[in-house]
Amino acid sequence: MTGHRHPPGSGARTAPHRGAPLPHPRRGRLAAHGHSVFAEMSALAEQHDAINLGQGFPDTAGPDAIVEAAVRALRAGHHQYPPVPGLPGLRRAIADHQRHRYGLDIDPDRETVVTTGASEALAAALLALTTPGDEIVALEPFYDSYAACATLAGATLVPVRLHAPDFTLDTRELAAAITERTRILLLNTPHNPTGAVLASEQLHEVAALARAHDLLVISDEVYEHLVFEGTHQPIAALPGMFERTVTISSAGKSFSFTGWKVGWATGPADLVTAVREVKQHLSFAGGTPFQHAVADALRLPEEYFTAATDSLRRRRDLMTDGLRAVGFAVRPPRGTYFITADITPLGERDGMDFCRALPSRCGVAAIPHQVFYADPDAGRRYVRFAFCKRESVLHQALERLEKGLT
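On a predicted model such as this, the values are computed, not experimentally measured, just so you know. (Residues numbered from 1 in each chain as written. Predicted model: local features only at pLDDT ≥ 70, side-chain atom pairs only at ≥ 80, totals over all residues. Heavy atoms only, no water.)

### Topic: the domain arrangement of the chain
Reasoning step 1: Its domain assignment divides the chain into domain 1 (37-62 + 303-405) and domain 2 (64-299).
Reasoning step 2: For domain 1 versus domain 2, the separation of C-alpha centres amounts to 25 Å.
Reasoning step 3: Counting from both sides, the interface comprises 31 residues of domain 1 and, opposite them, 34 residues of domain 2.
Reasoning step 4: Regarding the contact of domain 1 and domain 2, the summed buried area is about 2,900 Å², with carbon and sulfur atoms giving 58% of it.
Reasoning step 5: Considering only the surface of domain 1 that becomes buried against domain 2, F305, R334 and T336 emerge as the three largest contributors, covering 25% of it.
Reasoning step 6: Between R316 and E229 there is a salt bridge whose closest N-O contact spans 3.1 Å.
Reasoning step 7: The tally of links between domain 1 and domain 2 comes to 16 residue pairs in polar contact (both at pLDDT 80 or more).
Reasoning step 8: Going through the elements one at a time, α11 (302-326), β10 (338-342) and β13 (382-386) are the ones with two or more residues in the side of domain 1 that touches domain 2.
Reasoning step 9: The element best represented in the side of domain 1 that touches domain 2 is α11, accounting for six residues. (Domains from an automatic or database assignment. Contact = heavy atoms within 4.5 Å. Buried area = accessible area lost by both parts, 1.4 Å probe. Salt bridge = Lys/Arg side-chain N within 4 Å of Asp/Glu carboxyl O. Polar contact = N/O pair within 3.5 Å; in protein donor to acceptor, adjacent residues only side chain to side chain. Helix = DSSP H or I, 4+ residues; strand = E, 2+ residues; numbered from the N terminus.)

Written as structure tokens, this is what we have:
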């Protein structure tokens with residue numbers, strides 16, 4: 001019957017009049033996490049022609065041989081979807097890498113999955129291995145996507161703070177944070193943003209807690225090859241830990257190909273299967289020619305990794321000394337390619353205000369630490385600089401900082 005009208009109070013839904021608020025918010029469950037500070041600082045860097053030491057990407061390409069491997073894959077016609085778990089050749093290379101470096105015997109077919117960068121591996125793992133109401137214990141400060149992924153999973157992120165100025169972990173505080181609702185220990189070592197590396201003794205204590213409470217571990221190890229003192233030790237290699245650990249890494253940081261977005265997760269077959277089942281509904285699969293090239297990258301000789309680490313160590317020392325000369329308080333990081341600087345010796349009090357002004361004031365961009373904390377006040381005095389740039393660029397950035405801040 002045409003022309004029918006619902007009587008007032010009948011409960012029927014009608015379209016709101018122009019200008020009225022919609023019955024449901026336009027923004028989804030991540031609204032509380034706001035915009036990306038990395039995008040904001042990069043935009044300010046571009047606006048003011050500033051040197052971008054905020055976002056963590058190198059300004060030089062990775063090895064020429066690996067670039068050529070990608071070109072060969074393109075010319076060979078590798079343009080279509082790879083298998084959902086990743087190309088067999090790359091999965092074998094990942095398994096070989098884990099066995100050669102860490103003594104982990106991994107089945108490339110059942111215990112490895114290739115992802116669109118480590119970020120997708122992290123998201124897929126948290127979505128696959130948690131249920132709403134679970135708690136995820138993570139080291140704070142933490143990479144901002146950790147909190148966002150926990151929210152998407154309906155879980156609660158429980159921070160355990162690394163203590164400045166050396167950003168050390170008190171495992172007693174970690175133990176106190178574990179409750180009957182804790183499902184996951186989310187580790188990140190070498191650690192972004194602080195550059196801290198968990199000592200072997202601490203790693204064993206963390207493993208003991210995971211075993212005692214029957215917890216799963218998601219270990220973010222994307223900076224595994226960027227350690228300046230000692231060597232990286234995966235928690236999955238410790239007794240009783242492989243069967244409860246998903247280890248995540250990627251090619252972006254190790255080989256300076258951050259835009260290729262080739263990551264992976266390894267672990268026991270049941271956990272990796274769960275990650276893969278979620279991953280196929282996120283990106284399905286991708287990066288076919290880059291997967292071919294990364295398989296070659298993982299088989300580069302040891303000389304490549306040694307030279308890359310030595311080069312970064314020199315740049316770390318250059319940046320550490322330079323920031324101290326400008327007036328920051330700085331401790332050299334043990335890993336990654338980030339330096340944490342305390343701005344209070346400069347008379348500054350708020351890292352966000354400092355970083356928002358820095359591109360116009362000095363022609364340099366950085367990232368405020370407070371975005372990495374559940375309580376922003378805890379990180380308000382710190383900012384993060386990336387030193388994965390050419391030495392000439394770092395010298396220029398330090399000259400600009402000295403001129404603008406002193």
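Back to the text.
### Topic: the sheet that holds strand β4 (residues 156-161)
Reasoning step 1: Pairing is mixed across the open sheet formed by seven strands, whose spatial order is β2-β8-β7-β6-β5-β3-β4. The sheet is open, and its two borders are formed by β2 (112-115) and β4, each paired with just one other strand. Ignoring which end each strand starts from, the neighbouring axes of this sheet average 20° apart.
Reasoning step 2: Where strand β3 (residues 135-140) meets β4, six bridges bridge the pair, whose relative direction is parallel. Bridge pairing in β4 links I136 to L157.
Reasoning step 3: Contacting β2, β6 (216-220), β7 (245-250) and β8 (263-266), helix α9 (residues 269-279) crosses the sheet at an angle of about 25° to β2. (Pairing = 2+ DSSP bridges. Axes fitted to C-alpha atoms, helices over the stretch in contact; angles between N-to-C directions.)

### Considerations on a nonpolar patch on the surface
Reasoning step 1: There is a patch of nonpolar side chains on the surface, built from L127, L152 and L282 and spanning about 220 Å² of accessible area.
Reasoning step 2: Locating L152 in the fold gives a position in helix α5 (residues 144-153). (Patch = residues over 30% accessible without salt bridge, like charges linked within 9 Å, V, L, I, M, F, W, Y side chains within 5 Å. Areas by Shrake-Rupley, 256 points an atom, 1.4 Å probe, with all protein chains shown as cover.)

### Some thoughts on the side chain of T182
Reasoning step 1: Along the chain, T182 falls in strand β5 (residues 182-188).
Reasoning step 2: The class of T182 is buried, set by a relative accessible area of 8%.
Reasoning step 3: Looking at T182, its side chain comes within polar contact range of the main-chain nitrogen of T179, at 2.8 Å.
Reasoning step 4: When near neighbours in sequence (up to four residues on either side) are disregarded, T182 contacts E135, V137, A177 and L215. (Buried < 20%, exposed > 50% of the residue type's maximum accessible area, 1.4 Å probe, protein only.)

### Section: the packing of aromatic side chains
Reasoning step 1: The tally for this structure, following the rule as stated, stands at 16 aromatic pairs.
Reasoning step 2: Measuring from centroid to centroid gives 6.1 Å for F328 and F354, while their planes differ by 85°, and the two rings are edge-to-face. Of this pair, F328 sits in the loop between α11 and β9 (329-330) while F354 sits in helix α12 (residues 351-362), and the two are 26 residues apart along the sequence.
Reasoning step 3: Taking the relative accessible area as the measure of exposure, F354 reaches 3% and is therefore buried.
Reasoning step 4: Positioned above the aromatic ring of F305 is the side chain of R101, whose terminal nitrogen or guanidinium carbon lies 4.5 Å from the ring centre.
Reasoning step 5: Positioned above the aromatic ring of F57, the side-chain terminus of K389 is 3.8 Å from the ring centre. (Phe/Tyr/Trp six-rings, centres within 6.5 Å; stacked < 30°, edge-to-face > 60°. Lys NZ or Arg CZ within 6 Å of the ring centre and 35° of its normal.)

### Considering unusual backbone geometry
Reasoning step 1: Residue P190 follows T189 across a cis peptide bond; omega there is -5°.
Reasoning step 2: Structurally, P190 can be placed in the loop between β5 and α7 (200-212).
Reasoning step 3: Here the amide bond leading from N192 into P193 is cis, since omega sits at 20°, within 30 degrees of zero.
Reasoning step 4: Summarising the element assignment, P193 is placed in the loop between β5 and α7.
Reasoning step 5: For F167, which is not glycine, the phi torsion reads 55° and is therefore positive.
Reasoning step 6: Topologically, F167 is positioned in the loop between β4 and α6 (171-177).
Reasoning step 7: Despite not being glycine, S256 has its phi angle at roughly 65°, a positive value.
Reasoning step 8: Along the chain, the position of S256 falls in the loop between α8 (251-255) and β8.
Reasoning step 9: Assessed through its relative accessible area of 24%, S256 is described here as partly exposed.

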